[in-house]
Amino acid sequence: MTAAHPSRNRVAVMHGVNLDQLGRRPAGHYGTLTLMQLEGRIAGFADELGLTVQFFQSNHEGAFVEELHRLEDTVDGLLLNPGAWTHYSWAIRDALEIAGLPAVEVHLSDVDGREEWRRVSVIRELCVATVSGRGPDGYRDALARLRDELSGKAE
Ligand code: DQA
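Attention in this report is confined to the structure presented alongside it.

Definitions and cut-offs
- Residue numbers here run from 1 along each chain, matching the order of that chain's written sequence.
- Residue-level local features of this predicted model are given only where pLDDT is at least 70; pairs of side-chain atoms are given and counted only at 80 or more, and the full residue set underlies all totals for whole chains, interfaces and linings.
- Heavy atoms throughout the structure, all of them, feed into the side-chain values; hydrogens and water do not.
- Secondary structure counts use DSSP, requiring at least four H or I residues in a row for a helix and at least two E residues in a row for a strand, with both numbered from the N terminus.
- Throughout, exposure labels follow a simple rule: accessible area from a 1.4 Å probe, protein chains only, divided by the maximum for the residue type, with under 20% read as buried, over 50% as exposed, and the rest as partly exposed.
- Reported accessibility uses the Shrake-Rupley method at a 1.4 Å probe radius. Residues are deemed covered only where the shown protein chains occlude them.
- In summary, the charge assignment counts Lys and Arg as positive and Asp and Glu as negative, without counting His or the chain termini.
- We put the charge of a Lys on NZ, of an Arg on CZ, of an Asp on CG and of a Glu on CD.
- One fewer than the residue count of a helix, multiplied by 1.5 Å, yields its expected span.
- Note on ring pairs: Phe, Tyr and Trp rings are taken, using the six-membered ring of Trp, and paired if centres are within 6.5 Å. Classes follow the plane angle, with under 30 degrees stacked, over 60 edge-to-face and the rest tilted.
- Counted as over-ring charges are cases with an Arg CZ or a Lys NZ within 6 Å of the ring centre that also lie within 35 degrees of the ring normal.
- Here the rule is simple: two strands pair whenever DSSP picks up at least two bridges between them.

### Focus: the overall build of the protein chain
Argument step 1. Scanning the protein chain from N- to C-terminus turns up 5 helices and 5 strands.
Argument step 2. Its helices and strands in sequence order give the protein chain the pattern β-α-α-β-α-β-α-β-β-α, from N to C terminus.
Argument step 3. Principal-axis analysis of the C-alpha atoms places the extent of the protein chain at approximately 40 × 35 × 25 Å.
Argument step 4. The buried share of the protein chain, reckoned over its 155 residues, is 47%.
Argument step 5. Total accessible area on the protein chain stands at roughly 7600 Å², and carbon and sulfur atoms take up 48% of it.
Argument step 6. Placing the 16 positive and 23 negative side-chain charges of the protein chain at their respective mean positions leaves the two points 4 Å apart.

Now the structure itself:
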């Protein structure tokens, strides 16, 4: 059954540095899907939840920042996997603050159970939730969390 559509239902899914290389990265952490296949899955999850999604990926920090600058009037919420930028990019943290949109941080791998440096997230304090270590299904959880936020169901 398709869930009722929330009125604020436009979500930008943003993949950061090296996520375009999915399918070539260590499968134990990131699985075997390519980015295109992952986006297909995410589009299916969004459909089930009554959300519309648009995708963006860049390996260039400035391009990622500029996309965040542009999104305010075109989407209602964000799903972000900035890749390694998560751990140190204060520029992306500040751009997320400027965007001023509800955001969920998502990681395919269990960043808190890996190297010490991956346990740091400079965007976490600006996000309503973080989902990590659940592989592609984590994007469904993250979209569901964002949907609750957008429809006012989150506490
Ligand atoms: C990642 C985790 C990061 O530490 C890493 O640099 C990535 C992907 C993840 O999805 O698990 O590129 O964000």
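That was the structure; now back to the text.
### Some points on helix H5 (residues 137–150)
What sets the pattern is the α-helix's 3.6 residues per turn: residues three or four places apart point alike.
Argument step 1. Between its first and last C-alpha, H5 extends 20 Å over 14 residues, near the 20 Å set by a 1.5 Å rise per residue.
Argument step 2. Just beyond H5, the residue with positive phi is glycine 152, at close to 80°.

### Section: the packing of aromatic side chains
Argument step 1. Applying the stated criterion across every chain yields a total of 2 aromatic pairs.
Argument step 2. Three or more aromatic residues joined by ring pairs make a cluster, and in this case those are Phe56, Phe64 and Trp85.
Argument step 3. Its guanidinium or amino end placed over the ring of tyrosine 30, arginine 25 lies 4.3 Å from that ring's centre, counting from NZ or CZ.

### Considerations on the pairing of strand E1 (residues 10–17)
Argument step 1. For E1, a buried count of 7 out of 8 residues is recorded, marking the element as mostly surrounded by other parts of the structure.
Argument step 2. Relative to strand E2 (residues 52–57), E1 is paired through 6 bridges, and the arrangement is parallel. Looking at the pairing, methionine 14 lines up with phenylalanine 56 of E2.

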